[in-house]
Amino acid sequence: MDLGPVAEHDPAVVTAPREAAVLVGIVEKPSGSHLLFTRRADHLDDHPGQMSFPGGGYEPTDLDLEETALREAREEVGLAPSEATIVGRLDDIRTVSEYAIRPFVGYVPDRSYEPNDGEVAEIAVLSVAALTDPENYETECRDHPDHGSVQLHYFHVDGYTVWGATARLLTQLLELTTEWNVPQRLDCRPEANPSA
């Protein structure tokens, strides 16, 4: 992965009634670049069981959204803020749960991580090579009430499926940092920012 384009990227900003931030953690292993994901606990009201990047809602005690992302990563996977090296940001996205999510991209250590709070069921470190393998990707069109037929993305790696808002962030990251490009479908438009 080449994170230079992330560092140079001028990210789009969106607004929504609630603000949140995530940390897109890059783990460099001898076998190549990997990404740190969490699987959300099945008992949660919002997006139970889905794969996500460590993160959560902004709290008034946070200095800014970067601090939100780092605080949530500490709470969810035990990553100390000093262990993360932030390189840049991806575009903000808006979700159907009325959040504006700000994604921060950075390097995190190659070490074991453990779920650290009741919101996280499992941690998965997935290889970028597997995520960009066409055999592990599928897409579909789904009708959106405001945007018509939109293209959704699914990445299937090591028994996990990354989709929804996390897959939208992932597609931008992969397009910026690798030679992978989203396979465009002519029968549907790219996934709209306000959807998840």
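For the structure, check the block above.
Scope of this entry: the structure provided in the associated data block.

Conventions used here
Residues numbered from 1 in each chain as written. Predicted model: local features only at pLDDT ≥ 70, side-chain atom pairs only at ≥ 80, totals over all residues. Heavy atoms only, no water. Helix = DSSP H or I, 4+ residues; strand = E, 2+ residues; numbered from the N terminus. Expected span 1.5 Å × (residues − 1). Buried < 20%, exposed > 50% of the residue type's maximum accessible area, 1.4 Å probe, protein only. Core = buried A, V, L, I, M, F, W, Y, C linked by side-chain atoms within 4.5 Å. Contact = heavy atoms within 4.5 Å. Salt bridge = Lys/Arg side-chain N within 4 Å of Asp/Glu carboxyl O. Polar contact = N/O pair within 3.5 Å; in protein donor to acceptor, adjacent residues only side chain to side chain. Phe/Tyr/Trp six-rings, centres within 6.5 Å; stacked < 30°, edge-to-face > 60°.

### Brief notes about helix 4 (residues 164-177)
So, step 1. The end-to-end C-alpha distance of helix 4 is 20 Å, a good match for the 20 Å that 14 residues give at a rise of 1.5 Å each.
So, step 2. Among the 14 residues of helix 4, 12 are classified as buried, and the element is accordingly described as predominantly covered.
So, step 3. When we look at burial in helix 4, the residues that qualify are Gly164, Ala165, Thr166, Ala167, Arg168, Leu169, Leu170, Thr171, Gln172, Leu173, Leu174 and Thr177.

### Quick word on the nonpolar core
So, step 1. Counting 32 residues, the largest nonpolar core has Phe37, Leu131, Phe155, Leu170 and Leu173 as its most contacted members.
So, step 2. Taken together, the elements giving at least two residues each to this core come down to strand 1 (18-29), strand 2 (32-40), strand 7 (99-108), strand 8 (120-127), helix 3 (128-131), strand 10 (148-157), strand 11 (160-162) and helix 4.
So, step 3. In terms of residues, this core owes the most to one element, helix 4, which gives six residues.
So, step 4. The residues touching Phe37, leaving out its near neighbours within four places in the chain, are Met51, Ser52, Phe53, Glu122, Ile123, Ala124, Leu126, Leu131, Val162, Thr166 and Leu170.
So, step 5. Core analysis: the next-biggest nonpolar cluster, separate from the first, contains 16 residues, Ala69, Leu70, Ala73 and Phe104 among them.

### Quick word on unusual backbone geometry
So, step 1. Phi is positive for Asp158, which is not a glycine, with a value near 55 degrees.
So, step 2. Inspection of the secondary structure assignment puts Asp158 in the loop between strand 10 and strand 11.
So, step 3. The exposed category is assigned to Asp158, whose relative accessible area is 61%.

### With respect to the pattern of salt bridges
So, step 1. Counted by the stated rule, this structure contains eight salt bridges.
So, step 2. Residue Asp62 is joined to Arg71 by a salt bridge in which the shortest nitrogen-to-oxygen separation is 2.8 Å. The residues Asp62 and Arg71 share a single accessibility class, namely buried.
So, step 3. In this structure, Glu75 engages Arg71 in a salt bridge whose closest nitrogen and oxygen atoms are separated by 3.2 Å. Residue Glu75 and its partner Arg71 are located together in helix 2 (residues 65-77), separated by four residues, close to a single helical turn.
So, step 4. A relative accessible area of 30% means that Glu75 is categorised as partly exposed.
So, step 5. For Arg71, a relative accessible area of 11% corresponds to the buried category.
So, step 6. Each of Asp62, Arg71, Glu72 and Glu75 takes part in salt bridges that share partners, so that together they form one network.

### With respect to helix 2
So, step 1. With 13 residues, helix 2 extends 18 Å between its outermost C-alpha atoms, agreeing within 8% with the 18 Å of an ideal straight helix rising 1.5 Å per residue.
So, step 2. Of the positions making up helix 2, those classed as buried are Leu65, Thr68, Ala69, Leu70, Arg71, Glu72, Ala73, Glu76 and Val77.
So, step 3. Taken from the residues just after helix 2, Gly78 is the one with a positive phi, measuring 80 degrees.

### Some details on the side chain of His34
So, step 1. Note on placement: His34 falls in strand 2.
So, step 2. The exposure class of His34 is buried, given its relative accessible area of 9%.
So, step 3. A distance of 2.9 Å separates a polar side-chain atom of His34 from the backbone oxygen of Gly32.
So, step 4. The contacts of His34, once residues within four sequence positions are left out, are Gly25, Ile26, Val27, Lys29, Val125, Leu126, Ser127 and Val128.

### A word on the packing of aromatic side chains
How two aromatic rings sit relative to each other is set out by the distance from centre to centre and by the angle between their planes.
So, step 1. By the definition in use, this model includes five aromatic pairs.
So, step 2. Judged by centre distance (5.5 Å) and plane angle (75 degrees), the ring pair of Tyr137 and Trp180 falls under edge-to-face. Residue Tyr137 is found in strand 9 (residues 137-144), and its partner Trp180 is found in the segment after helix 4; the two are separated by 43 residues along the sequence.
So, step 3. Residue class for Trp180 comes out buried when judged on its relative accessible area of 9%.
So, step 4. Here the aromatic rings of Phe155 and Trp180 are separated by 5.6 Å at their centres, their planes lie at 50 degrees, and the arrangement is tilted. With Phe155 in strand 10 and Trp180 in the segment after helix 4, this pair connects stretches of sequence that are 25 residues apart. Here Phe155 matches Trp180 in class, with each residue buried.
So, step 5. By way of ring pairs, the aromatic residues Tyr137, Phe155 and Trp180 are connected into one cluster.

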